[in-house]
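# Report on the structure
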Amino acid sequence: MTAGLGRAPRALLVALAVLLAALVLGACGSTQDEEQSSNDGGSGASTTEGTADPNAPIKQGLKTVSIPKQLGNPYEETEHSGITEALEELGGSNRVQGPTDAAASSQVPIINSVAQQRPDAIIIAGNDPNAVAPALKQAARRDIKIVAMDSDVASDARTLFINQTSTQLIGEGQVKLIADQIGGRGEIAILSATANAPNQNAWIKVMREELKKPAYKDIELVKVAYGDDDDQKSFQETQGLIQAYPNLKGIISPTTVGVAAAARYLSTSPKKGEIKLTGLGTPNQMRKFVKDGTVEEFQLWVPKDVGYLAGQAAAALVSGRITGKEGETFDAGRLGERTIGANGEIILGPPTGFNARNIDDFDF
Amino acid sequence: MPPEAAPPAPRETRPAPPPARSGDGGAARLRGALGSWEALLVGLLIVTMIAGQGLSSEFLSADSFTTGSLDISEVALMALPLTLVIVAAEIDLSVASTLALSSALMASLWNSGLPLEFIFVICLAAGAVCGAFNGTLVTWLGLPSLAVTIGTFALFRGLAFVVVGDQSVTDFPAGYTDLAFGNFAGTFIPNTMVLFAILAILFGVLLHATPFGRSVYAIGANEEAARFSGLSVRRIKLVLFVLSGTVAALAGIVISLRNSTAAANVGQGFELTAITAVLLGGVSIFGGRGTIAGVILALLLLGGIQKALTLSESISSYWIQIVTGALLVGSVLGPNIARRVREARRRQATHHQEAHA
């Protein structure tokens with residue numbers, strides 16, 4: 001074996017020299033300020049300096065990039081098509097760029113590269129609230145506005161969060177829906193997902209509070225069953241509920257898996273139409289049960305509207321119509337005027353009801 | 001830009017020693033083939049830079065280097081010991097799962113209130129144990145490392161989920177997360193790359209300039225011959241797997257701090273990128289050949305391609321997987337075809353000589 005530089009290290013040195021030369025050339029374009037600011041760890045996204053000018057014109061040729069949790073998810077595709085709709089309506093454009101898997105840190109390289117492209121705003125559905133935060137803060141320091149949508153990121157890493165709905169609105173909406181369907185009187189049950197799902201339990205808590213109101217005094221919640229978001233288990237739990245409570249008048253299943261399984265059971269049961277079923281479901285899953293009369297009406301937010309609101313909010317933010325402070329209002333196109341709530345949150349609204357009249361207008 | 005802060009430059013490394021199985025002429029030819037492989041990588045790197053700049057005017061910038069190298073930090077770290085493992089004609093598919101287990105341990109121990117420095121030690125030790133487990137199954141039970149580490153690939157990832165579940169832990173002290181995320185002393189070189197450079201030099205010296213390294217080549221070239229010449233093959237392989245596990249655990253610490261998030265689902269698929277880097281770097285999948293320098297070139301190339309594709313405004317992220325996969329296949333196929341061509345030529349040449357004699 002010979003000592004000294006062989007061919008391999010020499011090739012490496014050549015490569016390093018080329019790389020360095022390229023970097024020097026490239027770095028000449030960027031200023032020292034950027035280098036410095038990209039190194040400190042302070043926050044930048046949540047600062048809401050300046051004052052809002054509600055009459056500011058919408059910036060011309062607005063460019064946004066939206067980052068879904070993962071490419072190839074139909075629900076998210078619908079959501080992001082709403083962003084594109086909003087931007088195109090305002091004479092701008094949106095581009096979707098996302099990771100191929102939904103791991104906590106998969107969005108980080110995408111955010112870094114998108115930030116280099118310098119769009120006016122980034123709209124993101126976070127896979128993990130904190131893993132993406134440092135990258136988003138860096139993007140914000142380049143004067144890119146950050147809007148979270150659907151699932152929030154760390155609140156100091158974004159200016160706005162577009163929430164599809166609120167716990168309170170879901171709880172209220174579901175109870176009102178079942179009360180209307182059973183005529184405000186009788187026994188009801190809830191078919192939930194897993195016993196420790198935080199969102200389910202938060203909704204159920206609101207439902208219990210709602211049921212204490214005088215308007216619902218003749219309704220009795222007899223049981224909360226858990227179908228574990230498993231189709232077969234939810235199916236069996238529905239069967240169990242109906243056998244155990246012969247006077248059961250209604251079931252609320254605030255989970256897409258549960259409500260579809262319950263509908264499947266009821267659709268072939270003699271109690272079809274007699275026991276009312278509602279919950280949170282998607283139109284595509286529930287269409288045939290609405291058409292065959294098993295289900296009168298169920299609810300969910302409209303994913304396309306979530307995206308549309310995010311697009312409108314991002315445009316208003318970039319143009320200076322809003323800065324992200326609580327109480328500021330802006331015109332959100334076909335969704336009308338919207339107000340920013342506490343902590344930069346904008347709620348799309350109560351869940352939308354889907355029934356025989358409108359279900360064919362939706363495809364998701 | 002201070003040249004001393006440049007990415008890993010293991011000047012100490014020497015060219016691959018001639019594999020034990022080839023004669024003198026063969027060794028020279030192999031050395032030539034190795035050199036040309038690395039020249040090919042340099043060529044590809046230049047092509048990538050030109051193409052990358054074509055895709056986005058932002059490509060050739062300090063920013064791209066910072067974020068691009070940060071993105072492959074963990075893969076780069078894991079590729080170093082993996083190079084030695086593959087040179088010894090073994091494989092370790094469990095590295096990304098060990099990384100995840102390390103991250104999960106970090107999450108759960110931090111929740112239980114232990115000091116972070118102590119947690120680092122436990123994580124590294126756990127990685128060493130994972131590696132020792134792989135190594136023991138491979139050396140003492142004589143099982144093929146491909147099968148063993150496919151098993152532990154699932155096992156360690158599963159354990160990671162047992163340790164911490166679906167939770168993720170995010171409240172690590174900012175001092176450490178800034179260190180993992182930040183750049184080295186005001187330059188555009190991320191701290192993680194400095195860590196990589198140090199380890200690259202260590203592994204480069206270990207592989208290319210120590211008796212241990214020569215043994216690794218000898219084992220990869222011909223295990224039987226290595227054993228008969230008195231090398232303790234089992235012990236050496238065990239050490240390689242322990243190194244691989246330990247560095248994977250270190251990568252787990254790095255990625256958790258860098259993203260301020262420790263969770264069991266981090267780094268899925270990283271093992272394939274790391275193996276791609278090693279094979280693309282000219283390390284033979286059959287063992288006995290390859291250099292740390294080549295692997296570093298391959299990492300630069302992979303990082304550059306990934307950066308170029310994510311920067312491009314018109315190319316979908318799916319292409320990163322497609323290109324990575326194609327490079328993996330190409331880097332195994334390329335040398336094989338080249339060797340066959342060379343052997344065919346040599347046969348022709350000896351025919352000629354015999355005919356003339």
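Residues numbered from 1 in each chain as written. Chains lettered and ligands numbered in written order. Predicted model: local features only at pLDDT ≥ 70, side-chain atom pairs only at ≥ 80, totals over all residues.

## Brief notes about the overall build of chain B
Per the secondary structure count, chain B includes 14 helices and 2 strands. Evaluated residue by residue, chain B yields a buried proportion of 55% over its 357 residues. (Helix = DSSP H or I, 4+ residues; strand = E, 2+ residues; numbered from the N terminus. Buried ≥ 20, exposed ≤ 12 C-beta atoms within 10 Å, placed from the backbone.)

## Notes on the overall build of chain A
Of regular secondary structure, chain A possesses 11 helices and 14 strands. Here the contacts in chain A between residues at least 6 apart in sequence split such that 73% fall between residues at least 24 apart. (Contact = placed C-beta atoms within 7 Å.)

## Regarding the environment of Gln168 of chain A
All names here are of chain A. Along the polypeptide, Gln168 turns up in helix 6 (residues 167–181). Its 15 C-beta neighbours within 10 Å are what place Gln168 among the partly exposed residues. For the pair formed by Gln168 and Tyr75, sequence separation is 93 residues and the distance between their alpha carbons is 23 Å.

## As for the sheet that holds strand 4 (residues 145–149) of chain A
Residues and elements named next belong to chain A. With parallel pairing, the 6 strands of this open sheet are ordered in space as 2-1-3-4-5-13. Strands with a single pairing partner mark the edges of an open sheet, and in this sheet they are strand 2 (93–96) and strand 13 (345–347). Between one strand axis and the next, the sheet turns by 20° as a mean value, whatever way the strands run. By the bridge criterion, 3 bridges tie strand 4 to strand 5 (residues 160–163) in an arrangement that is parallel. By the bridge assignment for strand 5, Val147 is matched with Leu160. Relative to the sheet, helix 11 (residues 303–318) contacts strand 1 (63–67), strand 2, strand 3 (121–124), strand 4, strand 5 and strand 13, its axis offset from that of strand 4 by approximately 160°. (Pairing = 2+ DSSP bridges. Axes fitted to C-alpha atoms, helices over the stretch in contact; angles between N-to-C directions.)

## Focus on the nonpolar core
Within the largest apolar cluster, 200 residues are counted, with the highest numbers of intra-cluster contacts made by Ile111, Ile122, Val147, Ile162 and Ala313 of chain A together with Met78 and Ala79 of chain B. The two domains that each donate at least three residues to this core are domain 1 (63–165 + 303–348) and domain 2 (167–300) of chain A. Residues within four places of Ile111 of chain A in sequence aside, it is in contact with Ile67, Ile122, Val132, Ala135, Leu136 and Ala139 of chain A. (Core = buried A, V, L, I, M, F, W, Y, C linked by C-beta atoms within 7 Å. Domains from an automatic or database assignment.)

## Describing the pairing of strand 3 of chain A
Residue and element names in this part refer to chain A. Every second residue of strand 3 is oriented toward a common face, with Ala121 and Ile123 on one face and Ile122 and Ile124 on the other, all of them buried. Bridge analysis of strand 3 against strand 4 gives 4 bridges, and the strand direction is parallel. Across the sheet, residue Ile122 finds its bridge partner in strand 4, namely Ile146. The β-α-β motif built from strand 3, the intervening helix 5 (residues 133–141) and the parallel element strand 4 has right-handed crossover chirality. (Right-handed = clockwise from strand over helix to strand, strands pointing away.)

## Topic: the domain arrangement of chain A
Per the domain assignment, the segments making up chain A are domain 1 (63–165 + 303–348) and domain 2 (167–300). Here the C-alpha centroids of domain 1 of chain A and domain 2 of chain A sit 33 Å apart.

## Concerning the sheet that holds strand 6 (residues 186–192) of chain A
Residue and element names in this part refer to chain A. The strand order across the open sheet formed by 4 strands is 7-6-8-9, and the pairing between neighbours is parallel. Either end of the sheet is taken by a strand with one partner, and the two such strands are strand 7 (219–226) and strand 9 (276–279). The sheet shows a mean angle of 20° between the axes of neighbouring strands, taken without regard to direction. Relative to strand 8 (residues 248–253), strand 6 is paired through 4 bridges, and the arrangement is parallel. Paired with Ala189 across the two strands is Ile251, which belongs to strand 8. Contacts from helix 6 reach strand 6, strand 7, strand 8 and strand 9, with the element oriented near 165° to strand 9.

## Re the environment of Phe330 of chain A
Along the chain, the position of Phe330 of chain A falls in strand 11 (residues 329–331). For the pair Phe330 of chain A and Leu317 of chain A, spaced 13 residues apart in sequence, the C-alpha separation works out to 9.3 Å.

## What about helix 9 (residues 256–267) of chain A?
Residues and elements named next belong to chain A. Between its first and last C-alpha atoms helix 9 spans 16 Å; for 12 residues at 1.5 Å apiece the expected length is 16 Å, and the two agree. Residues of helix 9 that are buried include every one of Gly258, Val259, Ala260, Ala261, Ala262, Ala263, Tyr265 and Leu266, and no others. Where helix 9 is buried, its residues touch strand 6, helix 8 (231–244), strand 8, strand 9, helix 10 (283–291) and strand 10 (297–300). (Expected span 1.5 Å × (residues − 1).)

## Details of the pairing of strand 2 of chain A
Residue and element names in this part refer to chain A. With 4 bridges joining them, strand 1 and strand 2 adopt parallel strand pairing. Residue Thr64 lies in a different strand from strand 2, and its bridge partner there is Asn94. Each parallel crossover has a hand, and the one from strand 1 via helix 3 (residues 74–89) to strand 2 is right-handed.

## With respect to unusual backbone geometry
Residue and element names in this part refer to chain A. Phi at Arg118 is positive, roughly 50°, even though this residue is not glycine. For Arg118, the position within the fold is in the loop between helix 4 (107–117) and strand 3. Within the chain, Asp229 stands out as a residue other than glycine whose phi angle is a positive 55°. Mapped onto the secondary structure, Asp229 falls in the loop between strand 7 and helix 8. C-beta crowding within 10 Å serves as the criterion here: with 17 such atoms nearby, Asp229 is assigned to the partly exposed category.

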